[in-house]
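# Examination of the molecular architecture
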Amino acid sequence: MRFSKAFIPTTKEAPSDAVLASHIFLARAGFTSQVAAGLYNYLPLGKRVLKKIENVINEEMTKVGAQEVDLSFVTPADLWEESGRIEKFGKELLRFRDRKDNLFVLGPTHEEMMVSLVRNRVTSYKQLPLNLYQVKTKFRDEARPRFGLMRGREFVMKDGYSFHATDEDLNREFEMMEASYKRILERLGLDFRVVEADSGAIGGSGSKELMVIADSGEDTIAICESCEYGANVEAAERSDRQEIPEAPEGDFNKFQTPDVKSIGNLANFFKVDPYYTMKCVAKRMMYEDGDQVVLFFLRGDDELQEVKAVNAAEALEIADVSEEELTALGLVPGFMGPLEMETVPCVFDSSLKGGKDLICGANEEDYHYVGVDMSVLDEGLFADLYTAKEGDGCPHCSSKLLYTKGIEVGHIFKLGTTYSKPLKAEFLNEKGQAEPFIMGTYGMGVSRLIAATIEQHHDEKGCIWTKETAPYMVNVMVSNIKDAEQLAFGEALYKELQDAGVEVILDDRKERFGFKMKDAELIGFPYTVIVGKELEHGNVQIVERATLEKRAVFADKAFTEIMDRLS
RNA sequence: CGGGGCGUAGCUCAGUAUGGUUAGAGUACCUGGUUUGGGACCAGGGGGUCGAAGGUUCGAGUCCUUUCGCCCCGACCA
């Protein structure tokens, strides 16, 4: 490609509404342009990067025997009724009617379509397993799209679906896909972590997220400093506490605790470690058929993890409750405790199981109980409710957990029969009995990967593309095109590289040196060959974008030098 | 959906408080000239229904009403 003919509109200034580095640089360097909230155009450079990532995905999918399909973007609303997700997805589904007044939905993900494609076509266990995927534009009418390509309404996702006869086979496929996804991210040159994720209300026996490590990530993940363990903070676990603070002494008793409402005050008041206090968090839990206030009890030094709370209470959603509402329910904010609590359901954090010497609210203004023994509540509902903190022990190796931020670029999921059952997608097993498919689903945000790559690989000058993501590997820059010698050399090198199959661009624009260098750095070609005034001494320079290292080489060695660096 | 901010040239923004020539700057673009190793310089030029609609007024970018769009924080989010 000749730069002089290319559609690469770079700008000196960033669009005023861009916040993230990836958004700013992708816009400034002419990769993308915004159309409306969450909608973006891909310009030639952006499209090239998109294709590069797709190619890597396609190659890796082919290696593991997944087959590419392309399902229709517009999907009949009937399918969504059938699976029940038309309600669940709510306003995120963009709905519209055709000329015959039939209702359609722009595909936000394709479980329904894929199941409907496979059901009645795959009918025997002998045809399993089957893994189908596509790389396609998705549409979700997000309440708040943001951060450029990071969270668009229209975005490109690779979504794959596998069908199995047994759980064992799903597990095998799941592990294979995890390995395959790791290879993809490694090839793309990304620093990432595979973490345990919330399986959520969808159920299934597990899911993992692939997180690209970046400060601008929207997810907080807990990772172990020494082993491979990592988890989204929504799902992070921890080892049992190593050092238990000294227990307070005292028999069961009721104490007057005037105006002692917070855990901090309570611990101070009794001079005990907050570990021995019981924290009560009231939440409104939403269910299909109404809502219900639920009390969650944790140790005083723990915080409630709302996703875990939703799972424990088997609710759909969670919301805050005001003190007025609590009072109306006969509860005493600041002094709520689990003893003789009959009006409102309670859930206890697992770390309270078997706990002794605890202090908790007495459900009476200005009174707490001390010396509480949890064994009296053994029948209660216990579940993990805590938020794993930085510094907590890793559940696998007991080393320290660290917090970091991640960009979720992939999510793989053991679905089980969540979709095959309601959609009645069945096959006949060896005994001739009908069974629903056991499914897995594997998503990867392709457009988000572009943003994630730049979030992780940029400097103050612009983008730094990696080998597998660069729109062009080499930029042959003719410093002054009016210099016939420079131009001729540049043209020759350009052709030579092109003939060798290198993705190369020739900067033959009638611009000054500085202008072209700024563009090269902004766009982020891995290598720029400067063909300039050093040519009269028989030299050109090769600049490596990642390090900005500039090295002179003999002009007649430029080609082999570049080829060496690319290999 | 709650809170906040912003819509003026392709882009970044001034001008709006206190209404009053033909609406400005920088940058980008076009022409000519000079320049050619870090976003050059000189001269000339094109480009605007001031987000939209309605209203007040002799007169509205500026005041009033309505509305649309975009961004940020939060809620939400395979």
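The shown structure was predicted, so the numbers you read here are calculated from the model rather than taken from an experiment.

## Overview of the domain arrangement of chain A
Looking at the assigned domains, one finds that chain A contains domain 1 (45-237 + 402-455), domain 2 (253-383) and domain 3 (474-566). Measuring from the centre of the C-alpha atoms in domain 1 to the corresponding centre in domain 2 gives 37 Å. In this complex, domain 1 contributes 7 residues to the contact, which on the side of domain 2 involves 4 residues. Summed over both partners, the interface of domain 1 with domain 2 buries about 450 Å², with 49% contributed by carbon and sulfur atoms. There are 0 salt bridges connecting domain 1 and domain 2. If you look at where domain 1 meets domain 2, you find 3 residue pairs in polar contact (both at pLDDT 80 or more). Per-class residue counts for the side of domain 1 that touches domain 2 are 4 nonpolar, 1 polar and 2 charged.

## Regarding the environment of E379
For E379, the position within the fold is in the loop between β19 (367-372) and β20 (381-383). Owing to a relative accessible area of 79%, E379 belongs among the exposed residues under this scheme.

## Points about the protein's contact with RNA strand B
Of all residues adjacent to RNA strand B, which total 42 residues, the nearest are R140, R151, E408, E521 and Q541. A share of 45% is what sugar and phosphate atoms reach among the atoms of RNA strand B within 4 Å of the protein. Between RNA strand B and R146 there is a distance of 2.9 Å, counted from a base nitrogen to a side-chain nitrogen or oxygen. One of the side-chain N or O atoms of D519 is found 3.3 Å from a base nitrogen in RNA strand B. Counting only elements with at least two residues in the surface near RNA strand B, the list comes to β1 (32-36), β21 (401-416) and α12 (513-523). Top element by residues in the surface near RNA strand B is α12. It accounts for 8 residues.

## A short note on the pattern of salt bridges
Think of it this way: side chains of opposite charge can pair up when their charged atoms draw near. Within this structure, the stated rule accounts for 40 salt bridges. Residue R85 is joined to E111 by a salt bridge in which the shortest nitrogen-to-oxygen separation is 2.7 Å. Taken as a pair, R85 in helix α4 (residues 85-89) and E111 in helix α5 (residues 111-118) lie far apart in primary sequence, 26 residues in all. Accessibility classification places R85 together with E111 in one group, the buried group. Linked by salt bridges that have partners in common, E59, E60, K63, R183, R187 and E468 make up one network.

## With respect to unusual backbone geometry
If a residue is not glycine, its phi is most likely negative; likewise, a peptide bond is most likely trans. Cis geometry is adopted by the peptide bond preceding P129, which originates at L128 and carries an omega value of -5°. The topology assignment puts P129 in the loop between α5 and β7 (130-139). One non-glycine residue with positive phi stands out, namely E340, at about 55°. Residue position: E340 is located in the loop between α9 (323-328) and β17 (346-349). Look at E340 and you get exposed, because its relative accessible area is 66%. One non-glycine residue, L548, lies in positive phi territory at about 65°. Of note, L548 is situated in the loop between β30 (539-544) and β31 (549-554).

## Side note on the sheet that holds strand β16 (residues 317-320)
Spatially, the 5 strands line up as an open sheet ordered β16-β14-β15-β17-β20, and their pairing is mixed. The strands lining the two open edges of the sheet, one partner per strand, are β16 and β20. With direction set aside, neighbouring strand axes in the sheet form an average angle of 35°. Bridge analysis of strand β14 (residues 278-287) against β16 gives 4 bridges, and the strand direction is antiparallel. When the bridges of β16 are listed, R284 appears paired with A319.

## Examining the sheet that holds β19
Reading across the sheet, the 3 strands line up as β13-β19-β18 and stay open at both edges, with antiparallel pairing between neighbours. A single partner strand is all that each edge strand has here, and the edge strands are β13 (253-256) and β18 (358-361). Each strand axis lies, on average, 30° off the axis of its neighbour in the sheet, ignoring direction. Relative to β19, β13 runs antiparallel, the two being bridged by 4 bridges. Bridge assignment links N253 to a residue of β19, and that residue is V370.

Rules and cut-offs
- Residues numbered from 1 in each chain as written.
- Chains lettered and ligands numbered in written order.
- Predicted model: local features only at pLDDT ≥ 70, side-chain atom pairs only at ≥ 80, totals over all residues.
- Heavy atoms only, no water.
- Domains from an automatic or database assignment.
- Contact = heavy atoms within 4.5 Å.
- Buried area = accessible area lost by both parts, 1.4 Å probe.
- Salt bridge = Lys/Arg side-chain N within 4 Å of Asp/Glu carboxyl O.
- Polar contact = N/O pair within 3.5 Å; in protein donor to acceptor, adjacent residues only side chain to side chain.
- Nonpolar A, V, L, I, M, F, W, Y, C, P; charged D, E, K, R; others polar.
- Helix = DSSP H or I, 4+ residues; strand = E, 2+ residues; numbered from the N terminus.
- Buried < 20%, exposed > 50% of the residue type's maximum accessible area, 1.4 Å probe, protein only.
- Near = heavy atom within 4 Å.
- Pairing = 2+ DSSP bridges.
- Axes fitted to C-alpha atoms, helices over the stretch in contact; angles between N-to-C directions.

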